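# Architecture at a glance
Below are the chains, spelled out letter by letter.
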Amino acid sequence: MLVNPDSLRLLIEQNRSFLAPLLTKHEKLWSNFWGAMTKRNFYKRSEDYIDIVTGRKVGVWNVAHVTAVYLIKGITIKKYSLHYNGPSWFYLDVERSFSYICRKKALFMFVTNCHCFGHLLETDFYTTTQYHNDMYQIFHNQKDWEEQYIHPNHHLYLSKSVSVPTPCPDVYSYPLISAKFAKQLIEETEHYGQWSAGKANSEVRGLTGDDQRLSAVDIDFKQIGFEDHWLHIIKSYVLPIQQRIQLL
């Protein structure tokens, strides 16, 4: 995902026939390029891969394989006739096939880490069964989730130099969730639609044991598959401020 609004300009300024911006998964060495490949076109760690991904080396690098996003000059596509006509290896996917023909036709694929362009999302665990699927990505894409759903001023109250308002004794007020989270949570529950009708009927609500003891008109987080996510929100964003308040 590109987040730098100047990404296109920065890539064009390099004036390369084929150039990709370096993208990595948050706090991981997984990136959108391979520095080297085996003879059978599988991943091979190059000597300088970690240095490039971590930014210890900065520049424009000729690599063996790129994926996700890249900029190719229109004249280059026509000149090299970039369509796959190589061996039909059953294990060769579309992206590695494309890199294969680029290497075969001596079209250098470059990656630049001279600027921060964005990052890769973890898509292997992305679900499409909810009304707002992004809201359920706190475990796999937490940084992006925070930017959307945690209040932008929340982090300020983690600092000892910022006082936490107390509207009345033993009550503390601070921002937690964003307006987008509140809106989407309402929409998620309304889309689910199975309200309790003021009855603590566990069988009707799909709940058991102590899950529902109150006769309230509501929808439980467990019913919309958000219980673990909410507990994680409390642990990650409420508990640190609560612990800070305890030390006052």
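Below or above, wherever it landed, is the structure these notes cover. Note that the coordinates shown come from a computational prediction; the quantities given were computed from them, not determined experimentally.

Basis of the calculations
- Residues numbered from 1 in each chain as written.
- Predicted model: local features only at pLDDT ≥ 70, side-chain atom pairs only at ≥ 80, totals over all residues.
- Heavy atoms only, no water.
- Helix = DSSP H or I, 4+ residues; strand = E, 2+ residues; numbered from the N terminus.
- Buried < 20%, exposed > 50% of the residue type's maximum accessible area, 1.4 Å probe, protein only.
- Contact = heavy atoms within 4.5 Å.
- Bend = angle between axes of the 7 residues up to and from the residue.
- Axes fitted to C-alpha atoms, helices over the stretch in contact; angles between N-to-C directions.
- Parallel < 35°, antiparallel > 145°, perpendicular 65-115°, else oblique.
- Pairing = 2+ DSSP bridges.
- Core = buried A, V, L, I, M, F, W, Y, C linked by side-chain atoms within 4.5 Å.

### A look at unusual backbone geometry
Its identity is not glycine, yet asparagine 41 carries a phi of approximately 65°, on the positive side. Counting through the fold element by element, asparagine 41 comes out in the loop between β3 (36-37) and β4 (43-44). Classification of asparagine 41 by relative accessible area gives buried; the value is 2%. The phi dihedral of alanine 68 is positive, around 80°, even though this residue is not glycine. Classification of alanine 68 as exposed rests on a relative accessible area of 55%.

### Points about helix α4 (residues 94-104)
Along α4, the positions that sit buried rather than exposed are Arg96, Ser97, Phe98, Ser99, Tyr100, Ile101 and Cys102. Where the residues of α4 are buried, they touch β1 (18-21), β2 (33-34), β3, β6 (65-66), β7 (71-72) and β8 (109-112). Backbone geometry just after α4 places alanine 106 at a positive phi near 60°.

### Quick look at the environment of threonine 166
Relative to the helices and strands, threonine 166 is located in the loop between α5 (142-149) and α6 (179-192). The class for threonine 166 is partly exposed, based on a relative accessible area of 47%. Sequence-distant contacts of threonine 166, that is, excluding residues within four places in its chain, are made with Val171 and Tyr172.

### Regarding helix α8 (residues 227-246)
The largest bend in α8 is about 45°, located at valine 238, with the proline proline 240 one to four residues further on. Along α8, the residues classified as buried are His229, Ile233, Tyr237, Ile241, Arg244 and Ile245. Buried residues along α8 sit in contact with α5 and α6.

### Regarding the packing of α5 against α6
Their axes nearest at 6 Å, the elements α5 and α6 cross at an angle of 90°. When the axes of α5 and α6 are compared, the pair comes out roughly perpendicular. Mapping the contact onto sequence places Trp145, Gln148 and Tyr149 in α5 and Lys180, Phe181 and Gln184 in α6.

### Focus: the pairing of β1
Burial along β1 is two-sided: the residues Phe18 and Ala20 and Leu19 and Pro21 are all buried. In this sheet, β7 lies alongside β1 in antiparallel orientation, the contact comprising two bridges. Each bridged residue has a counterpart across the sheet, and for phenylalanine 18 the counterpart in β7 is isoleucine 72.

### Side note on the side chain of serine 178
The topology assignment puts serine 178 in the loop between α5 and α6. With a relative accessible area of 9%, serine 178 lands in the buried category.

### Things to note about the nonpolar core
Membership of the largest hydrophobic core comes to 20 residues, with the highest contact counts inside it found for Phe18, Phe33, Val66 and Leu82. Listed by contribution, the elements that provide at least two residues to this core are β1, α2 (49-54), β5 (60-63), α4 and β8. With four residues, the top contributor of residues to this core is α4. Once residues within four sequence positions are removed from consideration, valine 66 is found in contact with Phe18, Ala20, Asn32, Phe33, Ser99, Met109 and Val111. Within the second largest apolar cluster, 14 residues are counted, among which are Tyr136, Phe181, Ile219 and Ile233.

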